[in-house]
Amino acid sequence: VVRVKPLMDAVTGDSMPAVALTDQGNMFAMVKFTRAALGAGIKPLIGVDALIRHGDEQEAPYPMVMLAQSRQGYLNLSQLISRSYLEGQHRGVPIIQAEWISPLSDGIIALSGGRQGDVGRALLAGQKELAQRRLDAWLDCFGDRFYLELQRTGRENEEAYIAEAVELAIANDVPVVATNDVRFLTRDEFDSHEARVCIHDGRTLDDPRRPRNYSEQQYLRTTAEMQELFSDIP
């Protein structure tokens, strides 16, 4: 439920120098977002919240944030997204095959997807060797432009994942980045976000069976809030 102009107001209000807007599976908001950011004196970071799938169709696709570091990175992202629409759609959802990425990885910064990414899933399943292999593959692909993503939003298994991910990061000298998986600007917008999710999923708010995938903590935290939240992992 984040809108572009209120996002810029919030970012400038907290004196943030840059902001990324990553649509799910596309970059449809890019032009409006870039113009608004530049108009507000904020550096726009262009990227996509992509769904990735390994060659094995049995495993569910997993999220990965990819950000354009350069013009070449933007062009490569455009190619990957276009191919996901032309060749990778599953039930109307565009999915990028992992093997497509390596030849087009130049100029792209990748965030691992936290506990929901392929490395995170392996860590939480106790499959450390698999997690290491997957990390090695992404390091071969992105080099020092791959970050293990950490999140503290009050959702299941986050702390268990962080403990394993930090250990893996230290062992492999891989950088970590703290993100808040932002879905709304202020905490009091959580209810309207949940309504939007229900509309999308065809469910009602009081449905006891509906998945609770989000928490009220997924708002745009201030720089100070994020620093305090992750003070133990400077």
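Up top is the structure.
Residues numbered from 1 in each chain as written. Predicted model: local features only at pLDDT ≥ 70, side-chain atom pairs only at ≥ 80, totals over all residues. Heavy atoms only, no water.

Moving on: the packing of helix α6 (residues 128-142) against helix α7 (residues 158-172). Two numbers describe how α6 lies on α7: the axes approach to 12 Å, and their chain directions differ by 55°. Judged by the angle between their axes, α6 and α7 are oblique. Considering only the axes of α6 and α7, their crossing is right-handed. Together, Lys 128, Gln 132, Leu 135 and Asp 136 of α6 and Glu 164, Glu 167, Leu 168 and Asn 172 of α7 make up the contact between the two elements. (Axes fitted to C-alpha atoms, helices over the stretch in contact; angles between N-to-C directions. Helix = DSSP H or I, 4+ residues; strand = E, 2+ residues; numbered from the N terminus. Parallel < 35°, antiparallel > 145°, perpendicular 65-115°, else oblique. Left-handed = near helix turned anticlockwise from the far one by under 90°. Contact = heavy atoms within 4.5 Å.)

One recurring pattern in soluble globular proteins: nonpolar side chains tend to sit buried together. With 38 residues, the main nonpolar core has Ile 52, Met 66, Trp 138 and Phe 142 as its most contacted residues. Counting residues in hydrophobic clusters, the runner-up holds 13 residues, among them Leu 7, Val 19, Phe 33 and Ala 37. (Core = buried A, V, L, I, M, F, W, Y, C linked by side-chain atoms within 4.5 Å. Buried < 20%, exposed > 50% of the residue type's maximum accessible area, 1.4 Å probe, protein only.)

Enumeration over the complete set of coordinates arrives at 14 salt bridges. We note a salt bridge from Arg 203 to Asp 207, for which the minimum N-O separation is 3.1 Å. With a relative accessible area of 36%, Arg 203 lands in the partly exposed category. With its nearest N and O atoms 3.6 Å apart, the salt bridge here joins Asp 207 to Arg 209. Overall, Asp 207 belongs to the buried group, its relative accessible area being 9%. In this structure Arg 209 comes out as exposed when scored by relative accessible area, which is 69%. Within the structure, one salt-bridge network assembled from shared partners comprises Arg 155, Glu 158, Asp 181 and Arg 183. (Salt bridge = Lys/Arg side-chain N within 4 Å of Asp/Glu carboxyl O.)

Turning our eyes to something else, we now look at the packing of aromatic side chains. Throughout the structure, instances matching the rule amount to five aromatic pairs. Aromatic pair Phe 28 and Tyr 85: ring centres 6.4 Å apart, planes at 40°, arrangement tilted. In this pair, Phe 28 is assigned in the loop between β1 (18-24) and α2 (30-39) and Tyr 85 in helix α3 (residues 71-87), connecting sequence segments 57 residues apart. These aromatic residues form a ring-pair network of at least three members: Trp 138, Phe 142 and Phe 146. (Phe/Tyr/Trp six-rings, centres within 6.5 Å; stacked < 30°, edge-to-face > 60°.)

To continue, consider α7. Along its 15 residues, α7 runs 21 Å from first to last C-alpha, staying within 8% of the 21 Å computed at 1.5 Å per residue. Every buried residue of α7 is listed here: Glu 158, Tyr 161, Ile 162, Ala 165, Leu 168 and Ala 169. In a view along the axis of α7, the buried residues occupy a sector of 135°, so they form one face of it. Within α7, the exposed residues directed more than 90 degrees away from the buried face are Ala 163, Ile 170 and Ala 171. In this structure, the buried residues of α7 make contact with α5 (118-124), α6, β8 (146-150) and β9 (176-178). (Expected span 1.5 Å × (residues − 1). Arc of directions from axis to C-beta.)

With that settled, the discussion passes to the pairing of strand β2 (residues 43-53). When β1 meets β2, the two strands line up parallel, connected through seven bridges. Directly across from Leu 21, in β2, lies its bridge partner Ile 46. Handedness of the β-α-β unit built from β1, α2 and β2 comes out right-handed. Relative to strand β6 (residues 96-97), β2 is paired through two bridges, and the arrangement is parallel. Residue Arg 53 lies in a different strand from β6, and its bridge partner there is Gln 97. (Pairing = 2+ DSSP bridges. Right-handed = clockwise from strand over helix to strand, strands pointing away.)

Function cannot be inferred from these measures alone, as they are strictly geometric.
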